[in-house]
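# Residue-level structure breakdown
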Amino acid sequence: MAALTPHPDRLLPADPGVRSLARRLYETVRELPIVSPHGHVDPKILRDDTPFADPTSLFVQPDHYVTRLLHAGGVPLEALGVGEGPLPEDRARAAWRLLCSHWHLLRGTPVRYWFDSSFAAVFGITSRPSAENADALYDRIAEQLAQPSHRPRALLSRFGISFLATTDDPADDLSAHRALRDDPAVGTVVAPTFRPDRYLEVGRPGWPALVKELGGDTDSYAGYLSALQDRRRYFIENGAVSADHGHFDAGTEPLAEADAVRIYRSALAGTVTPAEATAFRRHMTFEMARMSCDDGLVMTLHPGIWRNHHPATAARFGPDTGHDIPVAVEYTRALRPLLERFGTHLGFHLVLFTVDPTVYSREIAPLAGFYPSVYAGAPWWFLDNPAEIRNYQRAVTEIAGFGKLSGFIDDTRAFCSIPARHDMSRRLDAGFLASLVAEHRLDEDEAMDTLTSLVVSQPRAVFKL
Amino acid sequence: MAALTPHPDRLLPADPGVRSLARRLYETVRELPIVSPHGHVDPKILRDDTPFADPTSLFVQPDHYVTRLLHAGGVPLEALGVGEGPLPEDRARAAWRLLCSHWHLLRGTPVRYWFDSSFAAVFGITSRPSAENADALYDRIAEQLAQPSHRPRALLSRFGISFLATTDDPADDLSAHRALRDDPAVGTVVAPTFRPDRYLEVGRPGWPALVKELGGDTDSYAGYLSALQDRRRYFIENGAVSADHGHFDAGTEPLAEADAVRIYRSALAGTVTPAEATAFRRHMTFEMARMSCDDGLVMTLHPGIWRNHHPATAARFGPDTGHDIPVAVEYTRALRPLLERFGTHLGFHLVLFTVDPTVYSREIAPLAGFYPSVYAGAPWWFLDNPAEIRNYQRAVTEIAGFGKLSGFIDDTRAFCSIPARHDMSRRLDAGFLASLVAEHRLDEDEAMDTLTSLVVSQPRAVFKL
Amino acid sequence: MAALTPHPDRLLPADPGVRSLARRLYETVRELPIVSPHGHVDPKILRDDTPFADPTSLFVQPDHYVTRLLHAGGVPLEALGVGEGPLPEDRARAAWRLLCSHWHLLRGTPVRYWFDSSFAAVFGITSRPSAENADALYDRIAEQLAQPSHRPRALLSRFGISFLATTDDPADDLSAHRALRDDPAVGTVVAPTFRPDRYLEVGRPGWPALVKELGGDTDSYAGYLSALQDRRRYFIENGAVSADHGHFDAGTEPLAEADAVRIYRSALAGTVTPAEATAFRRHMTFEMARMSCDDGLVMTLHPGIWRNHHPATAARFGPDTGHDIPVAVEYTRALRPLLERFGTHLGFHLVLFTVDPTVYSREIAPLAGFYPSVYAGAPWWFLDNPAEIRNYQRAVTEIAGFGKLSGFIDDTRAFCSIPARHDMSRRLDAGFLASLVAEHRLDEDEAMDTLTSLVVSQPRAVFKL
């Protein structure tokens, strides 16, 4: 049976000289606490601290990174329990066997890397998954999940996570966050993130009912703005540091007040056109920036995704099931209205993410290389892998320097992969800095200082922690 | 005189440790038979087995990769015999001298690499081409071309090509393919490929006459669909495994039946507008996918080329003379109608090629990383070179894994370059896998297994051989 | 205090074997004279040979590469004296201290690299700038600037610049260039470059008055064309070798004569629409190519920049203050009219620059790989850094060979950085060629010959020196 033994030098550059330099750098940050300013962990699992149900519901069902790769290789989503809660044991085991027997489909992907690292570090697994050992691995993980050592809070502490942001609906009462904050046994700061997308997309089916969930008087445009401001304030009072925005494009053209009022009324009446809804959403992105200037929430942007590309899959299994597909994105024109108005506003922070890597050197780095407010968000989603992270490092730092990187963001709902993801980032940062030292573009003391910044001070400064 | 001695380690990574690993991997596939599921060899040269006329008609005149580089460096196309058949000996020699005396123009290009490899391996040439040795090289090659050892079938066998697909007009009678299949002396399977582009572009000059060549009753839209289906069936009966489509964009929006009928009528009458013709062609791409679901032909897409960018050259020398220029291409939106309908159809295979490398990580890999039907086609045409192949390897495998690569496609009409092209791919695959092992992301046994898959099983599975 | 000691092997590949090869190559071109066919040095500083005023006015105020990075890191532009002439000493020192105390912001950027090289080579500085040594460095540089050894002409000679092109307004009388040409003490050829942008953008505020500065009879379209032709001739008589064009896009669609006449009249009357102005500018780009075919000026194109992205900064500090931001650019369609007409015109040279690196492999290299007139301009502005230069080298040479590279262009107004910029290019070229030799794709004699070509013969041939 093949071994699973993550190598201590994994992901460091292959050249022996550069590798030994990279190893030296990496050692200085390897054990530092994790700062996770953007992600999708459900705070209720931490509040309730209920044991994870089984290996499949922890590692397979909710993780579209995993299920889409298996689906692409011919495994039906229903066999993996996608879109369902914890499965009966026979189905959970069957799904787990599908993962293990298709292990080769993960070769070369970061998913494989994260699995290797977390299987080894968290569950002490020492053999490579396969059809043969699938049941043994299932048993071994299931057994540990039942122990106090592997309950959510124990892992949170063991992972060394000092700050963890979740992603939350503006109407959420944040009771889970409050419970965690008020519990002295929880050493991690668990902060909510304000994610208002669906309230700003006024052409969505059901929006007129949805908007009422914001509370306040949303019968008028002015009341709607107030309601949003109030919810932001509530989030801030409960620890939020940022507001996250993920629309189709990055448009920020503001409307004249009268037009906004008019479109808002049509939206309430259910007669808004798609073009009006788009114009209103762009206007509201501008307004969100204005509110960020007022209330201090860091603004993060995640545009450029065609959601639910395969409608039949969405209808049967729900959203976030692996067929959100990137499209080309544009920032220079789209952000001009926002940056013209707020780009040099003292204390405003705007973090730009992309799944279209062509904009790193063409648009994001030049913008971050002038506007004090703009930061280049770490590679996200499809780009959160060694090849694209290396592209990003080179493309952005050559144009904007290290000071305008956001620091690493794990953006994950796969709780057990958090340490492996941050560790991957630290290794790649160490490798990149080592290559600059090896080419005599940076001194080693500078590389060391830069690496610590990237891991600790930069995310703290960018996200105002 | 400078030597021409292709190094056994050529194209393997420079780092000594990674190189020795790559060499070990490469050795396991070096001698494996060649599977060539997409290319442009003329089957008649294999059927007739007539000796190649001379070095110039074999290596220069028909190969736009070569002639465009010389033209870009100031050599007129007429001096190279572009667009002509075999030249009288004085002109053939003069063209050959132009190639040799401009040898420096090929530095750094894959064309140079393919020449080096095939000159050495096929013709035993040991000195670098130059003005000085041009005539000697011509003589040496010409002399061998006259020998039985260098006739087309002898080379086909010597090259170790087990499967060779050609590219053919739907109206072709495929007699050459049948003759080859019926000849027990031919050890290679030579299969036709259904390439219906010009029959689907109803606004082309001469289309109303052209469409009659399909046979059947093409006076109605329904008859036209039947005729296409019949020709596909005929191709399948004669060994075809795929249908290839190379339009300007990747659009697949279907039309309502009535609109298709109406546009088809206008096309027959010669009154179709360009916008209607484009809409109809996109509709027909959708229909071709439907037929592929029915009859099993693998569907390959090659969009994104502006054909005949320099009309004066096209008018004088014909098409395929080096000035087809890529444009930005888009897949996420364009393919949605097709994938919504057929993306999870069992057994449907859709291979996406591009000459716009920005779509590998942004669109192709995410699509291939969800849809079981979608494969990422190997770098094609302008991108068939080490730099872009390495980008592709990294970009696609990090997102979709190795299982969704198409395997190598040579796409060439340069018969003698086939082994060199496949060998280049094997070397680059070995180097890439070695780098993953060197960074401890893959074990060596997995790398070896993956390499064999890429060379043998993957193209066989993707193209249903 | 940390040392500043540029390493002799800086920027060469890290692998020891490749590095020693690269070093050997680099040594053959290290000391060769500098050919600078495109840049922004003010010829008056060379004519007048007045000592540079102080370190801040030399290194900080006019260099938007530097000031934008400090601004992005939170330093106000006014504190750096942007848009002002030489500052009183206290402000100049204060600005200099800001540079030194924010030295970490430059890590990883080419600006840092150029500073290191020129501080060491030109001013003998041996310690890394910091808040602590800022005043000492200021004094040390200021003291040398007052010496004859560091006056502009002395540096020009010491830098080994054999040819230096400036960038000039068509209405310029070129008296500075004439004075330099007529002075036997000046060993460098200082040539003007014809840069007509604002005269071709007929919708600009103030254009009707501006156009009169061209001289001649510009009351009619025909007279305007003649005036431009006359100014081009005047530039050529005064040594110009090229005409440079930097519009928003690369459009070259010609107008019918009658339309050009009509739009020209509207422009004079101040009633031209933006759409007409754009159409006219594209038409004039076509006309400029026609004139280049007639008079031999090399045509260079620099499209794809959104100028003055932050209007408030432009209003206060002027243009070229760090917020010109790239946009996606397109060449295949845009250049077709021009290339259809002039692409194979004997002696016509068209050099394509870009700040959108996606077009190197997709459009520029394929165009340069067919049209004899087209050359791929060296990475420019935001792309003038090691990462993007390496991308360019790989992307362009694999498709178009080395013969269609423009050779290095420094494009700078930072006089003291010129040697460091050219040295960086030579190191990167040596490293790239060494990697090709190490992978056995090129013999060492060919690499050596290619490197000399890139440094000397290529820019001379492309720019007709």
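As the structure is a prediction and not an experimental result, all values here were calculated from the model.

What counts and how
Along each chain, numbering runs from 1 in the same order as the chain's sequence is written. In the order they appear in the text, chains get letters beginning with A and ligands get numbers beginning with 1. Where totals are concerned, whole chains, interfaces and linings use all residues; where local detail is concerned, this predicted model gives features only for residues with pLDDT of at least 70, and gives and counts side-chain atom pairs only at 80 or more. The side-chain figures draw on all heavy atoms in the structure; neither hydrogens nor water molecules are used. Boundaries between domains were set according to an automatic or database domain assignment. Note on contacts: a residue pair is in contact if any heavy atoms of the two residues lie within 4.5 Å. Note: buried area is the sum, over both parts, of the accessible area (probe 1.4 Å) each one loses when the two are combined. Throughout, exposure labels follow a simple rule: accessible area from a 1.4 Å probe, protein chains only, divided by the maximum for the residue type, with under 20% read as buried, over 50% as exposed, and the rest as partly exposed. Numbering of helices and strands starts at the N terminus; helices are DSSP runs of H or I of at least 4 residues and strands are runs of E of at least 2. Strand pairing is assigned whenever DSSP identifies at least 2 bridges connecting the two strands. When the copies are superposed, the least-squares fit takes in the C-alpha atoms of residues with a pLDDT of at least 70 in both. Any pair of N or O atoms that falls within 3.5 Å is considered a polar contact. Within protein, one atom must be able to donate a hydrogen and the other to accept it, and sequence-neighbouring residues count only if both atoms are side-chain atoms. Every case where a carboxyl oxygen of Asp or Glu lies within 4 Å of a side-chain nitrogen of Lys or Arg is listed as a salt bridge. For this scheme, ten residues count as nonpolar: Ala, Val, Leu, Ile, Met, Phe, Trp, Tyr, Cys and Pro. Four count as charged, namely Asp, Glu, Lys and Arg, and the remainder, Gly too, count as polar. In this description, a nonpolar core means a group of buried Ala, Val, Leu, Ile, Met, Phe, Trp, Tyr and Cys residues linked to one another through side-chain atoms lying within 4.5 Å. Only the contacting stretch of a helix is used when fitting its axis, a line to C-alpha atoms as for every element, and angles between N-to-C directions run 0 to 180 degrees.

Put simply, an interface is often sized by how much accessible area is lost when its parts join up. Residue and element names in this part refer to chain A. According to the domain assignment, chain A consists of domain 1 (53-150) and domain 2 (152-462). Distance from the C-alpha centre of domain 1 to the C-alpha centre of domain 2: 29 Å. In this complex, domain 1 contributes 22 residues to the contact, which on the side of domain 2 involves 24 residues. Interface area for domain 1 against domain 2, summed over the two sides, is near 2,100 Å², with a carbon-plus-sulfur share of 64%.

Residue and element names in this part refer to chain A. Burial of strand 5 (residues 298-301) is two-sided: the residues Val298 and Thr300 facing one way and the residues Met299 and Leu301 facing the other way are all buried. Of the strand pairs in this sheet, strand 5 and strand 8 (residues 350-352) are connected by three bridges, and their pairing is parallel. Note that in strand 8 the partner of Thr300 across the bridge is Val351.

Okay, the relation of the copies chain C and chain A next. For the match of chain C to chain A, the screw axis carries a shift of 0.0 Å, the RMSD comes to 0.0 Å, and the turn is 120°. Taken together, the turn and the small shift mark the pair as related by a three-fold rotation axis. The fraction of interface residues of chain C whose copies in chain A are also interface residues is only 4%, indicating that the copies meet through different surfaces.

Bringing the environment of His302(A) into the picture now. Residue and element names in this part refer to chain A. Within the secondary structure, His302 sits in the loop between strand 5 and strand 6 (305-306). Here His302 falls in the buried class, since its relative accessible area comes to 2%. Between the C-alpha atom of His302 and that of Ala275, which follows or precedes it by 27 residues, the distance is 21 Å. Contacts of His302, omitting those with residues within four sequence positions, involve His38, Asp244, His245, Gly246, His247, Phe353 and Trp380. Of note is the side chain of His302, whose polar atom sits 2.6 Å from the side chain of Asp244.

The next thing to look at is the interface of chain A and chain B. The interface is formed by 45 residues belonging to chain A together with 39 residues belonging to chain B. Counting the surface lost from both chain A and chain B, the interface buries some 3,700 Å², and carbon and sulfur atoms represent 55% of this. Counting every contact that joins chain A to chain B gives eight salt bridges. Close ionic contact of Arg107(A) with Glu446(B) constitutes a salt bridge, the shortest N to O distance being 3.9 Å. Where chain A packs against chain B, one counts 23 residue pairs in polar contact (both at pLDDT 80 or more). Mapped by element, the contributors of at least two residues to the side of chain A that touches chain B are helix 1 (16-27), helix 4 (64-72), helix 6 (110-123), helix 15 (311-317), strand 7 (325-326) and helix 18 (386-400) of chain A. The residue inventory of the side of chain A that touches chain B, partitioned by class, reads 22 nonpolar, twelve polar and eleven charged.

Let's shift gears to the nonpolar core. Trp96(A), Tyr224(A), Trp96(B), Tyr224(B), Trp96(C) and Tyr224(C) are the most contacted members of the largest nonpolar core, which totals 460 residues. Once you skip the residues sitting within four places of it in the chain, Trp96(B) turns out to touch Pro55(B), Thr56(B), Phe59(B), Val60(B), Phe119(B), Ala134(B), Leu137(B), Tyr138(B) and Ile141(B).

Residues and elements named next belong to chain A. As summarised here, the arrangement of the three strands in space is 1-2-3, forming an open sheet in which the pairing is parallel. Unpaired on one side and paired on the other, strand 1 (34-36) and strand 3 (189-191) mark the two borders of the sheet. Across this sheet, the average inter-strand angle for adjacent strands is 10°, counted without regard to direction. Of the pairings in the sheet, the one linking strand 1 to strand 2 (residues 161-165) comprises three bridges and is parallel in character. Of the residues in strand 2, the one forming a bridge with Ser36 is Leu164. In the packing of helix 19 (residues 418-438) onto the sheet, the strands contacted are strand 1 and strand 2, and the crossing angle to strand 1 comes to about 100°.

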